[in-house]
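The residues making up each chain are set out below.
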Amino acid sequence: MADKDSVAMLIDSTTSKIQQLQQAFSELESHNAFLLNLKWKQLEEHFRGLEKSLKTRFVELEAQEREFETKLTESQQLIEEREAVVLAKELASLDRLQQKRDAAFSEILGKRKACNANLEPNLNTRVTKSKVEESSISKNDEKGVIESKPCTELEILCRDMNVEGLHKYISDNRKNLTVIREEIPNALRCVQDPCGLVLDSLKDFYSGDNLVLDGKKDGNLLGMRRTCLMLMESLEQVRNTEKSRDEFGSKSVIKRAKGIALGWKPKLDLMDMDASNGNSLEAHAFLQLVATFDIVSEFGEEELCKLVPAVSRRRQTPELCRSLGLSPKMPGVIDVLVNTGRQIDAVNLSYAFGLTEQYAPVPLLKSYLKEVRKLSNTRSGSMTPGAQNEMEERELSALKAVIKCIEEHKLEDQYPIDPLQKRVAQLEKAKADKRRAVEASKPQSKRARANGSIYTTRVTPPYSEKSFYQRATPERYPYPYVYPVETHHPTTVIGAAPYTISPPHTAYYANGYQVHYQPAPYIH
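This is a predicted model, so every value here is computed, not measured.

Trainee: Help me understand the overall build of the chain in this model?
Mentor: Each helix and strand counted, the chain has 18 helices and 6 strands in total. Relative to its full complement of 524 residues, the chain shows a buried share of 38%. Carbon together with sulfur atoms contributes 52% to the accessible area of the chain, which is approximately 31200 Å² in total.

Structure representation (structure tokens):
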């Protein structure tokens, strides 16, 4: 706009400039200083023509500018109108979608209420397939279509309070334990008395305790105990998510839970918890029972703390201790672990409860390895080859456990693992060389002669020395605790910690199948 005004001012000043030029030309003529070939009339006509053409062009430009502004205004109005139409359509679509959602949700609630009204607990008989279809629960999928989903077999078993069927179902579906673990909380929510169902499942927890196969407990018994533990954990999950917890705290439920816990405690006291390697299933189940039904006051924090070292390697231990209200007591538990040669468990718990400043992890790990190496060096001269191999196995297991702990807690900057890995490679190479030497020394069976006669294989007496990799007789402290490389489920009380490499065995669940959710070595 400023440029336009300046151009207009210049055009208006053209006339005054022509007048000034005329005066100057007149002065030249009056002086007759030189002859002019041009007359003033000609000059004036030339400049007037320029002035006229400039004004004409300026008017044209103004008209074009006004036309452009008009078109711009019309375009903006058109855009605003279209945006308003689109917004109105979006709001109308959202309203229709919300109406469909509300209608679907109302239908789901109506069918749920009808389903729950028709459900009556039946302790003796199971619901037939037709009855299950009638009591199906309607669910709304992503497209807004109402689909009917029948109750699962797990929900039926829980609703019918069928404890034996529930144990058998979990045993038969051992390959899907991860899915079953996720489904159990929802199944318990369908039960009128979930606490009664879980407490009923605990009645045979110690019924088969005398069954021992090849030094191990019966696989069915172990599987049943793990099922009980899983049910108690799921019940606590339901309890923590429900708005009303009155049902879980009823006097009858608490009384039954106390009776079961008081019956279990003497059995725990009689067990050799030192053999559990911090992975006691029985101690874990007892603590979970106390936490699930909130009966801590019946036993006291000090008594419960004595059982924590028996489960120190199980991944649920930190959360279980918090649920029991034992967090303030953890420094005492960690002290027990450190004093009994279980520094790795102490490091894991110190991280779980934020006590790493009080219990620095690197010095604990170094002291653990120092004790292991000290034992190997002091006894290497007087040991038999079998015992020496056992000491090397201890050191190898200790090194691997320390490396795993360093990597889990990202301590590589404070405690480099390269020297430890080199030592592991050295021990494994020596182990492989010894194995090859033993295999080479075994007698070979001879082939048949060409004439049909056969050499008889010489029967050799058993190898005089123990196998290089046979487990030695269990030893107790002051030998440092050795963390088993393989995961297993033995059973600890707070006294002396175990210092043996427990024989690796497969953990069984129910009918002797391998457990898929068995706790790994402590996972922080």
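Trainee: When you look at helix 11 (residues 281-292) in this model, what are you seeing that I'm missing?
Mentor: In an α-helix, one full turn covers 3.6 residues, which means residues spaced three or four apart are oriented alike. The first and last C-alpha atoms of helix 11 sit 16 Å apart over 12 residues, in line with the 16 Å expected at 1.5 Å per residue. Within the sequence span of helix 11, burial applies to Leu281, Glu282, Ala283, His284, Ala285, Phe286, Leu287, Gln288, Leu289, Val290, Ala291 and Thr292. Asp294 lies just past helix 11 and shows a positive phi near 55°.

Trainee: What should I look at first to understand unusual backbone geometry in this one?
Mentor: Keep in mind that most residues, glycine aside, have a negative phi and that most peptide bonds are trans. Of note, the phi angle at Met161 is positive, near 55°, even though the residue is not glycine. The topology assignment puts Met161 in the loop between helix 5 (153-159) and helix 6 (163-172). For Met161, a relative accessible area of 17% puts it in the buried group. Despite not being glycine, Asp294 has its phi angle at roughly 55°, a positive value.

Trainee: For this particular structure, what's the right way to read the side chain of Ser201?
Mentor: Relative to the helices and strands, Ser201 is located in helix 8 (residues 194-201). Exposure remark for Ser201: the relative accessible area of 2% places this residue in the buried category. Of note is the side chain of Ser201, whose polar atom sits 2.5 Å from the backbone oxygen of Val198. If we ignore the near neighbours within four places in the chain, the residues touching Ser201 are Val163, His167, Cys228 and Leu231.

Trainee: Is there a simple way to explain the pattern of salt bridges in this structure?
Mentor: A side chain of one charge can pair with a side chain of the opposite charge if their charged atoms are brought near each other. What the rule picks out here adds up to 24 salt bridges. Close ionic contact of Glu428 with Lys400 constitutes a salt bridge, the shortest N to O distance being 3.0 Å. You can see Glu428 sitting in helix 18 (residues 418-441) and its partner Lys400 sitting in helix 17 (residues 385-408), a full 28 residues away along the chain. Residue class for Lys400 comes out partly exposed when judged on its relative accessible area of 33%. With a shortest N-O distance of 3.2 Å, Lys404 and Glu408 are connected by a salt bridge. Here Lys404 and its partner Glu408 are both found in helix 17, 4 residues apart, which amounts to about one turn of the helix.

Trainee: Quick question: what am I supposed to make of the packing of helix 9 (residues 219-241) against helix 11 here?
Mentor: In a pair of packed helices, the angle between the axes and the distance between the axes together describe the arrangement. Contact pair helix 9 / helix 11: the axes reach a minimum separation of 10 Å and the direction vectors enclose 25°. When the axes of helix 9 and helix 11 are compared, the pair comes out roughly parallel. Classified by chirality, the crossing of helix 11 by helix 9 is left-handed. Of the residues in helix 11, those touching helix 9 at Leu222, Arg225, Arg226, Leu229, Met232, Glu233, Leu235, Glu236 and Arg239 are Leu281, Glu282, His284, Ala285, Gln288, Leu289, Ala291 and Thr292. When its residues are assigned to classes, the contact of helix 9 with helix 11 shows 8 nonpolar, 3 polar and 6 charged.

Trainee: Even after reading the chapter, I still don't get the nonpolar core, so can you show me in this structure?
Mentor: The nonpolar side chains of a soluble globular protein tend to be buried, and buried together. Ranked by size, the top nonpolar core spans 94 residues in total, and within it Trp264, Phe286, Leu304, Leu324, Leu365 and Val402 carry the most contacts. Counting residues per element, this core draws most heavily on helix 9, which supplies 10 residues. Residues within four places of Val402 in sequence aside, it is in contact with Ile344, Leu365, Tyr368, Leu369, Tyr415 and Leu420.

Trainee: What's the story with a nonpolar patch on the surface in this structure? I'm lost.
Mentor: Judged by side-chain polarity, Leu87, Leu91, Leu94 and Leu97 come together as a nonpolar surface patch covering roughly 370 Å² of accessible area. Looking at where Leu97 falls in the secondary structure, it is placed in helix 3 (residues 40-118).

Trainee: What's the story with the side chain of Arg342 in this structure? I'm lost.
Mentor: For Arg342, the position within the fold is in the loop between helix 14 (330-339) and helix 15 (343-352). Here Arg342 falls in the buried class, since its relative accessible area comes to 2%. Engagement of the side chain of Arg342 in a polar contact is seen with the backbone oxygen of Pro309, the distance being 2.9 Å.

Trainee: Just checking my understanding: could you explain the packing of helix 10 (residues 251-270) against helix 11 for this structure?
Mentor: Between helix 10 and helix 11, the shortest axis-to-axis distance is 10 Å and the interhelical angle comes to 155°. In terms of axis orientation, helix 10 runs roughly antiparallel to helix 11. Handedness of the crossing formed by helix 10 with helix 11: left-handed. Contact residues: Ala257, Ile260, Ala261, Trp264, Lys265 and Leu268 in helix 10; Glu282, Ala283, Ala285, Phe286 and Leu289 in helix 11. Here the residues of the contact of helix 10 with helix 11 are counted per class, giving 9 nonpolar, no polar and 2 charged.

Trainee: In this structure, what is going on with the environment of Ile254? I would like to understand it.
Mentor: In this fold, Ile254 is placed in helix 10. Owing to a relative accessible area of 18%, Ile254 belongs among the buried residues under this scheme. Spatially, the C-alpha atom of Ile254 lies 7.4 Å from that of Ile295, the residues being 41 residues apart in sequence.

Trainee: Would you mind going over helix 9 with me for this structure?
Mentor: The end-to-end C-alpha distance of helix 9 is 33 Å, a good match for the 33 Å that 23 residues give at a rise of 1.5 Å each. The element helix 9 is largely enclosed, with a buried count of 19 among its 23 residues.

Trainee: Got a minute to help me understand the confidence of the model for the chain in this structure?
Mentor: Detailed reading of the predicted coordinates is not advisable wherever pLDDT is low. A residue-level look at the chain finds 70% of positions with pLDDT of 70 or above and a mean pLDDT of 76. Counting interchain partners and residues more than four positions distant, the pLDDT-below-50 stretch residues 211-215 has 5 contacts. In the predicted structure, residues 452-479 sits below a pLDDT of 50 and forms 45 contacts with residues beyond four places in sequence or in another chain.

Trainee: Even after reading the chapter, I still don't get the packing of aromatic side chains, so can you show me in this structure?
Mentor: The geometry of two aromatic rings is summed up by the distance between their centres and the angle between their planes. Counted by the stated rule, this structure contains 4 aromatic pairs. With a centroid separation of 5.0 Å and 65° between ring planes, the pair formed by Phe205 and Tyr206 is classed as edge-to-face. Side by side, Phe205 and Tyr206 carry an identical accessibility label, which is buried. Ring plane angle 75° and centroid distance 5.8 Å describe the contact between Tyr206 and Trp264, whose orientation is recorded as edge-to-face. Within this pair, whereas Tyr206 is found in the loop between helix 8 and strand 3 (212-213), its partner Trp264 is found in helix 10, the two being separated by 58 residues in sequence. In this pair, the class of Tyr206 matches that of Trp264, namely buried. These aromatic residues form a ring-pair network of at least three members: Phe205, Tyr206 and Trp264. Across from the ring centre of Phe205, 5.0 Å away, lies the NZ or CZ of Arg225, which sits over that ring. The ring centre of Phe353 lies 4.9 Å from the NZ or CZ of Arg322, which sits over that ring.

Rules used in this analysis
Residues numbered from 1 in each chain as written. Predicted model: local features only at pLDDT ≥ 70, side-chain atom pairs only at ≥ 80, totals over all residues. Heavy atoms only, no water. Helix = DSSP H or I, 4+ residues; strand = E, 2+ residues; numbered from the N terminus. Buried < 20%, exposed > 50% of the residue type's maximum accessible area, 1.4 Å probe, protein only. Areas by Shrake-Rupley, 256 points an atom, 1.4 Å probe, with all protein chains shown as cover. Expected span 1.5 Å × (residues − 1). Polar contact = N/O pair within 3.5 Å; in protein donor to acceptor, adjacent residues only side chain to side chain. Contact = heavy atoms within 4.5 Å. Salt bridge = Lys/Arg side-chain N within 4 Å of Asp/Glu carboxyl O. Axes fitted to C-alpha atoms, helices over the stretch in contact; angles between N-to-C directions. Parallel < 35°, antiparallel > 145°, perpendicular 65-115°, else oblique. Left-handed = near helix turned anticlockwise from the far one by under 90°. Nonpolar A, V, L, I, M, F, W, Y, C, P; charged D, E, K, R; others polar. Core = buried A, V, L, I, M, F, W, Y, C linked by side-chain atoms within 4.5 Å. Patch = residues over 30% accessible without salt bridge, like charges linked within 9 Å, V, L, I, M, F, W, Y side chains within 5 Å. pLDDT = per-residue confidence, 0-100. Phe/Tyr/Trp six-rings, centres within 6.5 Å; stacked < 30°, edge-to-face > 60°. Lys NZ or Arg CZ within 6 Å of the ring centre and 35° of its normal.

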